[in-house]
Amino acid sequence: MIQVPLVKDRDRPGQDATRGADELDGYRVLPWLVTALVAGALAVACGGAAQAGPPDTTAGLHALPWQTGAVRWLLVAQGALLLLLAASHVVRGTARTTPPDGDALGNPRFPRPAWGGMSMAGVALLATLLATALAAGVTLRVAEILGAPTVPGHPTGNQRPLVVPTAYFWAAVCALALVAVALLLAARAWAVMRRGRAAALHHVKEFYPADDAARAPQGRRRHIAGVWARARGLGPAAEGGLGLLLLAAVVIAAAGVGLDLVLGTRLVTDGSRWLTTAANLVLTGLVAGLLWAGRQAYRSESFRRTVGILWDVGTFWPRATHPFAPPCYAERTVPDLLTRLEYLTGTSAGEQAEQGEQPVPPGGRVLLSCHSQGSVIGAAVLLQANTAAGVRTALLTYGCPLTRLYARFFPAYFNADSVHRLGQILAHRAGPLPAPGGQPGLAEDTRWYNLYRASDPIGGWVVRDAQPLRPGARPERGDRQLLDPMKLCRQPGDTCYQPPKGHSDYFSDPAFDACVRDLAAGGSTVSPPISPPSTAVPVILSESVDGAAPVSQARL
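As a convention, each chain's residues are numbered from 1 in the sequence order in which they are written. The predicted origin of the model limits local features to residues at a pLDDT of at least 70 and limits the giving and counting of side-chain atom pairs to 80 or more, whereas totals for whole chains, interfaces and linings rest on all residues. Calculation of side-chain values draws on the structure's entire complement of heavy atoms; hydrogens and water are dropped beforehand.

This next bit is on the overall build of the protein chain. In DSSP terms, a helix is any run of H or I states spanning at least four residues, a strand is any run of E spanning at least two, and both are numbered starting from the N terminus. The number of helices and strands found in the protein chain is 17 helices and six strands. Burial classes follow relative accessibility: with a 1.4 Å probe on protein chains only, a residue under 20% of its type's maximum area counts as buried, one over 50% as exposed, and anything between as partly exposed. Burial status across the protein chain gives 39% buried among its 556 residues. Contacts are assigned to residue pairs that have any heavy atoms within 4.5 Å of one another. When contacts within the protein chain are restricted to residue pairs at least 6 apart in sequence, long-range pairs at least 24 apart make up 71% of them.

Structure (structure tokens):
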């Protein structure tokens, strides 16, 4: 928290900009400070080990000065800050169970804010639990390796006693109870997702052609239904399970504090040895698991992709919300893309003249093709663009997490009102932009397609769920669900079934090319039908924002 007062707003510097002395922050000092502290601790430990004689099992039964009180008051301060954060949600009215703007899109199924609108307090509680567990686990494990962890005044037999704050023993016991609850909730979530397979199996028979559904083996249909059920149920199961886990953590932590006040050190002196040993092993496993996760992020591509998804979400927000994290990429990506958008649409002639660039003729049109997190960036850009640029821009999103993730956990920034406003911008043709509000939903001539799949665990519909597009159907603007895999049965000449593609490779679906052609046609709302070949050829345009396609290769 020492560096928090040094956080301040600043303009995004250019590539060649230099920062003045008053703009330098203290973040670059932290690694050197930590290195100096670690080196000093190692020097003290080595010096003490060199002077140490035979183990004395009667000495060292007193804690370090202020150690127990400092740890206890640190935990109390963290709990008080969490309570204040939760109370601020209630006072400011952000804690609610129903969206205030549910009628903006005319969809009563639009998702409510996660955890009653208290996701910020929930994430802070989760971070506090992980930090406490890590500190207690490392302290107890090191004490176990060097001697025997104990409390002040309690001997340890023939082992060298190492006094550990009593709060860490209680934290270990609470972690043991919380791990047991987490295992039960994980089993419950898995059972819920498996129950959704029956409904998904019905959808497989309904969405695919009747001949294919009849010819496909039962195992193939069940496999596709399982993929769909896991993708659809993963978000609600994770949100509900994690919410229940945080609620259980509050109850367990409150019980732990009460037992600590009543029993104190008797957990170690009079309690069962197996309880503290098991709690110590659980925390050791947690620390080892965190280290393993960090190593897997470098060695495993699939694991690194999962971590990258969480990293993209966390580092999208300004640094002031998480001062110890790296600078967010949105501070550069959004202004850069906004500048490029206005340049291509010919709506920033003044800035072009100053920079010496060749002006683009007025009336240029742009298609923003955005995948996954790129959909969030594209929405942020269009909501900030000037009216002239918005009129000349179309939007194609696929694997979009706006509704499934951002509307639940960041409802103050992405909600039904913001989605409706984005639809107004993309439906506007000429003149001043209409005021927010108006008719619910999206207009029929909105220059926006959102493609998603039932097998995609991240992306989903934005306004409302839609039936999958069948071969030969004409895509309509707005949300369009794609069948994945496109073919249920093996195709002639193929020895394997088409695998579900989930969150990736949307370019391979013929509907993608049809939507690009429709948006490229401009004002026409009649698009060519989708006629997929027997073996679909991926229509991969190029890479841009998070795998999106630039307009130059779309020939707009």
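Another point: the packing of aromatic side chains. When two rings of Phe, Tyr or Trp (its six-membered ring) have centres within 6.5 Å they constitute a pair, described as stacked for plane angles under 30 degrees, edge-to-face for angles over 60, and tilted for the intermediate range. One pass over the full model with this rule turns up 17 aromatic pairs. Seen in terms of ring centroids, Y398 and F512 are 5.0 Å apart; in terms of plane orientation they differ by 85°. Their pairing is edge-to-face. Highlighted residues: Y398 in strand β4 (residues 393-398) and F512 in helix α17 (residues 510-520), separated in sequence by 114 residues. Through a chain of ring-to-ring contacts, the aromatic side chains of F316, W317, Y329, Y406, F410, Y413 and F414 assemble into a single cluster. Between the NZ or CZ atom of R453 and the centre of the ring of Y506, over which it lies, the distance is 4.1 Å. Just above the ring of Y497 sits the side chain of R490; from NZ or CZ to the centre is 4.7 Å. A ring has a charge above it when a Lys NZ or an Arg CZ is no more than 6 Å from the ring centre and no more than 35 degrees off the ring normal.

Moving on, we get to the sheet that holds β4. On the basis of which strands lie adjacent, the open sheet formed by four strands has the order β3-β4-β5-β6 and parallel pairing. The open sheet has two edge strands, β3 (366-371) and β6 (478-482), and neither has a second partner. Here the strands of the sheet are splayed against their neighbours by 15° on average, with no regard to which way each runs. Here, strands pair whenever DSSP counts at least two bridges between them. Here five bridges tie strand β5 (residues 448-453) to β6, and the two strands are oriented parallel to one another. Bridged to Y452 within β6 is Q481. In this description, a line fitted to the C-alpha atoms serves as the axis of each element, helices being fitted only across the stretch in contact, and the angle between N-to-C directions of two axes falls anywhere from 0 to 180 degrees.

The step from D484 to P485 runs through a cis peptide bond, and the omega angle for that step is 0°. Topologically, P485 is positioned in the loop between β6 and α17. One non-glycine residue, S372, lies in positive phi territory at about 55°.

Buried residues of nine kinds, namely Ala, Val, Leu, Ile, Met, Phe, Trp, Tyr and Cys, make up a nonpolar core once their side-chain atoms join them within 4.5 Å. Formed by 54 residues in total, the largest nonpolar core has its most connected members in F316, L395, L396, F414 and L451. Those elements that place two or more of their residues in this core are α11 (330-344), β3, α13 (373-384), β4, α15 (402-409), α16 (416-427), β5 and α17. The leading source of residues in this core is α13, at six residues. Excluding residues that lie within four positions of it along the chain, L451 makes contacts with L396, T397, Y398, G399, R480, L482, Y506, F512 and C515. Ranked by size, the runner-up nonpolar core spans 18 residues in total, among them A136, L140, V151 and F169.

We now examine the pattern of salt bridges. Every case where a carboxyl oxygen of Asp or Glu lies within 4 Å of a side-chain nitrogen of Lys or Arg is listed as a salt bridge. Applying the stated criterion across every chain yields a total of eight salt bridges. In this structure, R72 engages D260 in a salt bridge whose closest nitrogen and oxygen atoms are separated by 2.8 Å. With R72 in helix α2 (residues 67-92) and D260 in helix α7 (residues 218-263), this pair connects stretches of sequence that are 188 residues apart. Exposure remark for R72: the relative accessible area of 30% places this residue in the partly exposed category.

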